[in-house]
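Here is how the chains run, residue by residue.
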Amino acid sequence: MKSLLSRLFKPAEPSGIPALWHQIVAIAREPEWYRDAGVADTIEGRFDMVSAVTALAMARLQDSGKPQYGVQLTELFITDMDGQLREEGVGDLMVGKHIGKLVSALGGRIFAYREGLDSDDPALLQQAVDRNVTLLDGASPAPVAERMRALWADLRATPMDDLIEGRVAR
């Protein structure tokens with residue numbers, strides 16, 4: 001049984017776009033990406049999955065008609081990546097340059113993944129995965145593309161208000 005003090009001083013659950021960011025990171029960390037789909041469980045592979053899930057969420061937010069959601073999500077992505085880079089020992093003078101590259105990579109992935117998801121040709125998404133996700137040696141991009149298609153279907157089935165609050169229908 002929780003004490004009154006622990007309930008009173010419990011940190012508030014994030015709401016809005018911060019809650020969506022936490023959900024994106026949780027989805028990107030699901031072991032199935034690494035264990036079953038062949039994503040390399042490395043810093044690069046984990047970044048690739050955070051970027052992939054963020055790209056899908058950003059593509060879905062484009063349907064909201066409210067560009068501020070994409071801006072807020074991009075800001076959270078930048079803040080998180082900034083912290084990760086600093087934790088890895090990247091110096092202050094280089095962080096900005098690295099962040100610029102990461103944001104550019106995210107933009108390219110949003111376009112490539114959306115193009116692959118909107119196409120009837122499954123090879124197009126697999127090619128985008130092959131170019132943008134660090135896979136284990138010999139792993140096929142097909143399982144990652146299949147999981148991304150399933151996630152995209154979940155995101156599209158999620159009402160926009162729920163998505164913005166970080167509640168993804170899965």
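These remarks concern the structure in this document. (Residues numbered from 1 in each chain as written. Predicted model: local features only at pLDDT ≥ 70, side-chain atom pairs only at ≥ 80, totals over all residues. Heavy atoms only, no water.)

1. Here's the deal with the overall build of the protein chain
Inference 1: Counting its regular elements, the protein chain contains nine helices and zero strands.
Inference 2: The order of α-helices and β-strands along the protein chain, N terminus first, is α-α-α-α-α-α-α-α-α.
Inference 3: Here the C-alpha atoms of the protein chain give a radius of gyration of 17 Å, agreeing with the 15 Å that 2.2 N^0.38 yields for 170 residues.
Inference 4: By its C-alpha atoms, the protein chain is 55 × 40 × 35 Å across when sized along the principal axes. (Helix = DSSP H or I, 4+ residues; strand = E, 2+ residues; numbered from the N terminus. Rg over C-alpha atoms; globule rule 2.2 N^0.38 Å.)

2. A look at the layout of surface pockets
Inference 1: When its volume is computed, the largest pocket comes out at roughly 470 Å³.
Inference 2: In terms of lining residues, the largest pocket is bounded by 18 residues, among which Ile43, Arg46, Phe47, Met81 and Gln84 are the most central.
Inference 3: Of all the secondary structure elements, the ones that give two or more residues to the lining of the largest pocket are α2 (17-28), α4 (43-61) and α5 (67-87).
Inference 4: Per-element tally for the lining of the largest pocket: the top contributor is α4, with six residues.
Inference 5: For the lining of the largest pocket, the per-class residue count stands at 10 nonpolar, two polar and six charged. (1 Å grid on protein atoms, 1.4 Å probe; cavity = no way out; pocket = protein on both sides within 12 Å on 5 of 7 lines; lining within 4 Å. Points joined across faces, edges and corners; volume = space filled by probe spheres on them. Nonpolar A, V, L, I, M, F, W, Y, C, P; charged D, E, K, R; others polar.)

3. Re helix α6 (residues 92-118)
Inference 1: Between its first and last C-alpha atoms α6 spans 39 Å; for 27 residues at 1.5 Å apiece the expected length is 39 Å, and the two agree.
Inference 2: Against α4, α5, α7 (122-132) and α8 (142-157) lie the buried residues of α6. (Expected span 1.5 Å × (residues − 1). Contact = heavy atoms within 4.5 Å.)

4. Looking at the nonpolar core
Inference 1: Among the nonpolar cores identified, the biggest contains 50 residues, and Trp33, Leu73, Tyr113 and Met148 are the most heavily contacted of them.
Inference 2: When residues of this core are traced back to their parent elements, those giving at least two are α2, α3 (31-35), α4, α5, α6, α7, α8 and α9 (160-164).
Inference 3: Ranked by residue count, the leading element in this core is α4, at 11 residues.
Inference 4: Discounting residues that sit within four places of it in the chain, tyrosine 113 has contacts with Ala52, Ala55, Leu56, Leu125, Ala128, Val129, Asn132, Val133 and Met148. (Core = buried A, V, L, I, M, F, W, Y, C linked by side-chain atoms within 4.5 Å. Buried < 20%, exposed > 50% of the residue type's maximum accessible area, 1.4 Å probe, protein only.)

5. Section: the pattern of salt bridges
Inference 1: Counted by the stated rule, this structure contains 12 salt bridges.
Inference 2: The partner of glutamate 30 in a salt bridge is arginine 170, with the nearest N and O atoms 2.4 Å apart. With glutamate 30 in the loop between α2 and α3 and arginine 170 in the segment after α9, this residue pair connects regions lying 140 residues apart in the sequence.
Inference 3: By relative accessible area, which is 18% here, glutamate 30 ends up buried.
Inference 4: Residue arginine 114 is joined to aspartate 63 by a salt bridge in which the shortest nitrogen-to-oxygen separation is 3.6 Å. (Salt bridge = Lys/Arg side-chain N within 4 Å of Asp/Glu carboxyl O.)

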